[in-house]
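# Examining the three-dimensional arrangement
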Amino acid sequence: MSGTNLVDQLKAKFPDQVTGADLEAIDPWIAVRPEGLVDVCRFLKEDDQLRFDMLSCITCVDYFEPDEKKAAKVPWDPHLEVVYHLWSVPNKVSLVLKVMLPRWKDDTEGELPEVPSVAGVWRTADWHEREVYDLSGVRFTGHPDHKRILCPEDWVGHPLRKDYELPLEYHGIRGR
Amino acid sequence: MAHGTLGDERLAASDPAAGVRDEDYLWTLNFGPQHPATHTTLRLLLKLDGERVVDAVPDIGYLHSGFEKIGEKLDFNQYVTVTDRMNYISPMANNVAWHHAVEKLLGIEITPRCVYVRTIIAELARISDHLLSNGAVGLDVGAFTFFLYAFYQREVIYDIFETLCGARFTNSYTRTGGVMHDMTPMVIEKIRNFVRTFPKTLDDMERLLNRNRIFVDRTKGVGVLTKEEAINRSCTGPVARASGVTRDVRKDDPYLAYADLDFKVCCATEGDCFARYLVRMAEMRESLRLVEQAVENLPSGPVDVGMDERIALPTKEQVYNSIEGTIAHFELVMSNRGFETPEEEIYAAIEAPNGELGFYLVGDGSAVAYRARCRPPSYIHFAVFPHLIRGHTLSDVVAVLGSLNIIAAELDR
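Notes on the structure follow. (Residues numbered from 1 in each chain as written. Chains lettered and ligands numbered in written order. Predicted model: local features only at pLDDT ≥ 70, side-chain atom pairs only at ≥ 80, totals over all residues. Heavy atoms only, no water.)

A word on the pattern of salt bridges. In the structure shown here, the tally under the stated rule is 40 salt bridges over all chains. Between B:R413 and A:E131 there is a salt bridge whose closest N-O contact spans 3.1 Å. Note that B:R413 is positioned in the segment after α18 (408–412) and A:E131 in helix α4 (residues 125–136), a pairing that runs across two chains. Here the two residues B:R413 and A:E131 agree in accessibility, since each one is buried. For B:E68, the salt bridge goes to B:R413, with nearest N and O atoms at 2.6 Å. A residue pair is termed long-range when its members are at least 10 positions apart, and B:E68 in helix α3 (residues 67–70) and B:R413 in the segment after α18 qualify at 345 residues. (Salt bridge = Lys/Arg side-chain N within 4 Å of Asp/Glu carboxyl O. Helix = DSSP H or I, 4+ residues; strand = E, 2+ residues; numbered from the N terminus. Buried < 20%, exposed > 50% of the residue type's maximum accessible area, 1.4 Å probe, protein only.)

This is the structure in C-alpha cells:
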C-alpha cells in the first residue's frame, strides 16, 4: 500500500487525529494527536491489511530554540517530537509515526508533557518509554511501571533535553 | 539504578499483585552487578521460592555513559569510535551500522569495492560475536573446553582485523563514504585461510555440545519464547529467529551486497536456549559462506568515494600533487567546514550479530547530528528476560542470560 493511501485511510478512520504527514521525506512520516495515539496504534497493529506488529524504536527529539547563528536557517518552533518506528513482519514495510508535543505542559517550565503509553499495544514499548521519560522528559500516562531506567532514581533533569545542564555534584561526585 | 535501596520494596512496587500477599518464605537475591556470569555490569533482583525464580527485576544503568548525548557533539567520523564501545564483542558491525545510517542521511552511494569490504567485515564480526556468545553459554553451564575452542578462533579474527586496520578490539574501521584502509592482499590471504580452516573447528564445536547430555539438559526447554511474544516484544536477530520469526534485515530490506550473495536465514521453532544456540551455530556457517563469496567476488577499483564529492579524505598522492586535493583535504579537516547534511531525519538499521541495530539520525545542516539515537538489540532483549526466567531455577539464570547475549555497554550506552 502506498503512503498516500495509508494517510487517506487513517484520515477517514480518525478524522480529528491525523495532524500532518510528510511523504516527500527520506523516511515518510505521519503525525497524530497524542489523544488518538493509542487508537491509531491499535488499528495499525490489528488491521488485517496493515499488520504493523513490531515496534522497532521510540525516540524523542528536542527541537529547542536555536542559537543566534543558526536561527535564520532553522525552520521550527521549539517543541518535542516523539517518534515511533513501526515494522510489519508479514508485509516487510516500515512506518514512522510522530507525536508533536510542547516542550513543557501548559508552558510551565518543569511540568512534563504527556503522551498516552502504547505499552498495552506492544509490550516492548515498556522500556522504550521509560528511557524516553528518563532521558528526554516526557510523561507516559497509563504506563505500568513509570520510573527512570538508565539514570539513578534520584537524578535531577533529563539529559537529552537541549537545555540540560549537568548538576554541580551528585552524592559528593563532582559533575562539572 | 537504585541508590541505597535493598530491593524488596522495588520488587513489591513492580508487581502490586505479588506485593500485597504476605509471602514471607520468598526471599530476594541480588544477582550482580559484579558476578562472573553477568560478564559485565548488570543487576537482577530475583525473588526466589527455594531455588525457583518467582520474579526477576532487571536493574540497569550501571554502565550508562551518555553515548546519545555524545553523538550530538562529535561529527560523523569521530562518533564511529564511540560505536566501537557499544557492542564491543563485534565493533566492526557497529561501525558498519553507524555509517550505513550516516550515508543514508547524506545520500551517498558508496563504491562497489567498499560495499563488499563492509560485507566481509560485518560477517566476520558476526562470526566472532556468535563465537563469544555461544562460548559464554558453554562456559556458564560448565563446558569450558568449548569456550576455549571458540576463543581461539576469535583470536584468528582479531588477527585479520589487526592486519586490516591496526586495531584488534576497537577498530573504528569505517569512514563516511569509505573505509580507513583498503584491503591488502595479505588480509585477503588471511581471510581465505580462515575460511579454509574454520569449518573444522566448527565441526569440533558442534560435536562437543550438540549431543552433550549436560549441556542439552541445561538448555533445552529453558527460557522458552513463543513466536507471538517474540514479535510483540520486538525481538530480532538470533533470539527471534530461534522462535520462528523469519525476520532478517539482510533479506527483508537488503543493504550492502546481501542482495547479490547467496545465503540462508537460519531459523528454529522451539524458542528455548538450545534453539538459540543452534541458530547461532548455523548462522556462523552461513556467514562463512557469505565471506567466501564476497572475498572471491571482491570488485576492484577505489574503496572511497571520489574526491569531488567532498566526503572522504583524498589520498596523500592527491593532496601533495594537486591543488584540488589539498583544498578538499583542508576543507574536510577544518572544524568549521566539514560537510553539510540535509535537514532530514532517517532511521537505518542493519542486521547486527545480536539483532536489528538501528540508528535514528536528525540532521540540521551541520556536520554533527542533531540527535543520534541508537536502537540497541541488547536493551530490547533484556526487557524480555523476566518473562523468560519466571518458573525456572536459579541455575537457569546464567543459561538464559548467556543465550540472549546481553552486552551491558550496548544495553546502557
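Turning to the sheet that holds strand β6 (residues 345–352) of chain B, a few remarks are in order. Residue and element names in this part refer to chain B. Across the sheet, which stays open at both edges, the three strands sit in the order β6-β7-β8 with antiparallel pairing between neighbours. The two strands at the open ends of the sheet, each matched to only one other strand, are β6 and β8 (371–375). Strand-to-strand twist across the sheet, computed as the mean angle between neighbouring axes with direction ignored, equals 15 degrees. (Pairing = 2+ DSSP bridges. Axes fitted to C-alpha atoms, helices over the stretch in contact; angles between N-to-C directions.)

Size it by volume and the second largest pocket reaches roughly 750 Å³. Lining the second largest pocket are 35 residues, with A:L86, A:W87, A:V93, A:S94 and A:L95 positioned closest to its centre. Contributing elements (two or more residues each) for the lining of the second largest pocket: α1 (3–13), β2 (29–32), β4 (79–88) and β5 (93–101) of chain A together with α5 (91–106) and β6 of chain B. The biggest single contributor to the lining of the second largest pocket is β5(A), with four residues. Looking at the lining of the second largest pocket residue by residue, the class counts come to 21 nonpolar, eight polar and six charged. (1 Å grid on protein atoms, 1.4 Å probe; cavity = no way out; pocket = protein on both sides within 12 Å on 5 of 7 lines; lining within 4 Å. Points joined across faces, edges and corners; volume = space filled by probe spheres on them. Nonpolar A, V, L, I, M, F, W, Y, C, P; charged D, E, K, R; others polar.)

Here we come to the interface of chain B and chain A. Contact with chain B, which involves 43 residues of that partner, is made by 48 residues of chain A. The interface formed by chain B and chain A includes six salt bridges. B:E345 serves as the salt-bridge partner of A:K98, at 2.8 Å between the closest nitrogen and oxygen. Residue assignment for the side of chain B that touches chain A shows that the elements contributing at least two residues are α3, α5, α10 (227–232), β6, β7 (355–362), β8, α16 (377–389) and α18 of chain B. Ranked by residue count, the leading element in the side of chain B that touches chain A is α16(B), at four residues. Class assignment of the residues belonging to the side of chain B that touches chain A gives a composition of 17 nonpolar, eight polar and 18 charged. (Contact = heavy atoms within 4.5 Å.)

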